[in-house]
Amino acid sequence: MIDMTAYRARVDEAAAEVRKKLPFAPRLGIILGTGLGALADEIDAAVSIPYDDLPHFPLSTVESHHGRLLAGTLAGAPVLAMQGRFHLYEGYSAHEVVFPVRVMGALGIDTLLISNAAGGMNPHFRRGDLMLLTDHINLQGHNPLEGPNVDAWGPRFPDMSEPYDLELRRIAEERALERGIKLQQGVYAAVVGPNLETRAEYRFLRQIGADVVGMSTVPEVIAARHMDLRVMAVSVITDECFPDALEPVTIEEVLAAAAEAEPNLTALMKAVVETVGAPVAG
Ligand code: HPA
């Protein structure tokens, strides 16, 4: 069984190490998933901390070996961004996957903004579209809250009636509308991967109420909601997963679609940070 006392101590040690290197206390956390790489360039006066330089961060695999934390201001707001995340399909446990999220929580962020790549099953969605998550379905068979609860972080049985903050969603909708950015909304189903789904699996996922499917985000959202952080997440639809017209997809096509959507996703996230991070009036 996982030793949660030791896990919590590792989170606190890593957080203390990050805190030493930060010029300020971050308010917003950002997980720069696929399609959000360019947002890193928009963070001013960035302090860059490779995961490898921090104690207890999961050891990087090839895919995530550029992993690092970026600290700085984005649209005037103090942010801490994860460039590179951990996935279950790489062999990490759910606890390892959310380790950086726990560290950001320990550092005092109150809001977490997330991006990911996902396959679209809703027939109204097209490759390259952005989708604001309204809800999710956890089909990963794992949960970062497995094991004894850390009461200092949150309750044993956290509520999940509204994981994606309504106010942040309203802001995202408004900012997208102003900028002429098409923003779909829907439910994200999380699977382990790494293979893409069969036709029968896409049909099943659609029938149980999912609009898109991907291999990340849900563990991070569960850990964040456990700590009562406000969460917003956006998917880039990188492939069309219509079971009766399914075509083979390559990772190159997935990355190309993500790259195409990057300018809009970057603009949207920045606009949300501008609104959320602005000093409170009065
Ligand atoms: N399935 C699961 N994850 C994904 C997909 C998909 O079709 N596309 C991008 N990430």
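None of these values were measured; they are calculated from a predicted model.

Peer 1: Tell me about the site of the ligand, residues and numbers included.
Peer 2: By nearness alone, every residue bordering the ligand is listed as Ala117, Ala118, Gly119, Leu196, Glu197, Tyr202, Val213, Gly214, Met215, Thr238, Asp239 and Cys241. Here Glu197 contributes a side-chain N or O atom positioned 2.6 Å from a nitrogen atom of the ligand. Measuring from an oxygen atom of the ligand, one finds a side-chain N or O atom of Tyr202 at 2.7 Å. Considered on its own, the ligand offers 260 Å² of accessible surface; in the complex 95% of this is hidden by protein. If one sorts the elements of the shell around the ligand by residue count, strand β5 (residues 111-120) sits on top with 3 residues. A per-class count over the shell around the ligand returns 7 nonpolar, 3 polar and 2 charged.

Peer 1: Would you mind going over the packing of helix α4 (residues 166-179) against helix α7 (residues 251-277) in detail, with residue names and values included?
Peer 2: Running from N to C, α4 and α7 point in directions that differ by 125°, and their axes come no closer than 9 Å. Of the possible angle classes, the one that applies to α4 and α7 is oblique. α4 and α7 meet at a crossing whose hand is right-handed. Here α4 contributes Leu168, Ile171, Ala172, Arg175, Ala176 and Arg179 to the contact with α7, which in turn contributes Ala267, Leu268, Ala271, Val272, Glu274, Thr275 and Val276.

Peer 1: Before we move on, could you go through the pairing of strand β3 (residues 68-74) and cite the residues and values that matter?
Peer 2: For β3, a buried count of 5 out of 7 residues is recorded, marking the element as mostly surrounded by other parts of the structure. Sheet analysis places strand β2 (residues 44-50) next to β3, joined by 5 bridges and oriented antiparallel. By the bridge assignment, Asp44 is partnered in β3 with Thr73. With 7 bridges connecting them, β3 and strand β4 (residues 77-83) associate as antiparallel partners. Across the sheet, residue Leu70 finds its bridge partner in β4, namely Ala81. In sequence, β3 turns back onto β4 through a hairpin of 2 residues, with Ala75 there showing a positive phi of about 50°.

Peer 1: I'd like a rundown of α4, residues and numbers included.
Peer 2: Taking 1.5 Å per residue as the helical rise, α4 with its 14 residues ought to reach 20 Å, and the 20 Å between its terminal C-alpha atoms agrees with that figure. Among all positions of α4, only Leu168, Arg169, Ile171, Ala172, Arg175 and Ala176 are buried. Burial along α4 is one-sided: seen end-on, the buried residues are contained in an arc of 160°. Among the exposed residues of α4, those oriented more than 90 degrees off its buried face are Leu166, Leu177 and Glu178. On the buried face of α4, the contacting elements are β5, β6 (130-138), β7 (183-190), β9 (230-240) and α7. The N-capping residue of α4, defined by a side-chain oxygen 3.2 Å from the backbone nitrogen of Glu167, is Asp165. Within two residues after α4, Gly180 carries a phi angle of roughly 70°, on the positive side.

Peer 1: If you had to explain the pairing of β6 to someone new, which residues and values would you point to?
Peer 2: Here is the key point about a regular strand: its side chains alternate between the two faces of the sheet. Taken together, the 8 bridges between β6 and β7 define a ladder with parallel strand orientation. From the neighbouring strand, Asn138 faces β7, where its bridge partner is Ala190. Note: β6 against β9, 3 bridges, orientation antiparallel. Looking across to β9, one finds that Leu132 is bridged to Val234.

Peer 1: So what's going on with a nonpolar patch on the surface? Residues and values would help.
Peer 2: A grouping of Leu139, Phe204 and Ile208 is seen on the molecular surface, where their side chains present a nonpolar patch of about 240 Å² in accessible area. Along the polypeptide, Phe204 turns up in helix α5 (residues 199-207).

Peer 1: An account of the side chain of Asn116 is needed here, citing residue identities and associated values.
Peer 2: Inspection of the secondary structure assignment puts Asn116 in strand β5. For Asn116, the side chain forms a polar contact with the side chain of Ser235, separated by 2.6 Å.

Peer 1: With reference to specific residues and values, describe unusual backbone geometry.
Peer 2: Across residues other than glycine, the phi torsion is negative in most instances, and most of the peptide bonds are trans. Of note, the amide linkage connecting Gly193 to Pro194 takes the cis form, showing an omega dihedral of 5°. Residue position: Pro194 is located in the loop between β7 and α5. Positive phi values are uncommon outside glycine, yet Ala75 reaches one of about 50°. Assignment of secondary structure puts Ala75 in the loop between β3 and β4. With a relative accessible area of 28%, Ala75 lands in the partly exposed category. Positive phi, normally seen in glycine, also occurs at Asp228, with a value near 65°. Tracing the backbone shows Asp228 in the loop between α6 (218-226) and β9. By relative accessible area, which is 58% here, Asp228 ends up exposed.

What counts, and where the lines are drawn
Residues numbered from 1 in each chain as written. Predicted model: local features only at pLDDT ≥ 70, side-chain atom pairs only at ≥ 80, totals over all residues. Heavy atoms only, no water. Near = heavy atom within 4 Å. Polar contact = N/O pair within 3.5 Å; in protein donor to acceptor, adjacent residues only side chain to side chain. Areas by Shrake-Rupley, 256 points an atom, 1.4 Å probe, with all protein chains shown as cover. Helix = DSSP H or I, 4+ residues; strand = E, 2+ residues; numbered from the N terminus. Nonpolar A, V, L, I, M, F, W, Y, C, P; charged D, E, K, R; others polar. Axes fitted to C-alpha atoms, helices over the stretch in contact; angles between N-to-C directions. Parallel < 35°, antiparallel > 145°, perpendicular 65-115°, else oblique. Left-handed = near helix turned anticlockwise from the far one by under 90°. Contact = heavy atoms within 4.5 Å. Buried < 20%, exposed > 50% of the residue type's maximum accessible area, 1.4 Å probe, protein only. Pairing = 2+ DSSP bridges. Expected span 1.5 Å × (residues − 1). Arc of directions from axis to C-beta. Patch = residues over 30% accessible without salt bridge, like charges linked within 9 Å, V, L, I, M, F, W, Y side chains within 5 Å. Salt bridge = Lys/Arg side-chain N within 4 Å of Asp/Glu carboxyl O.

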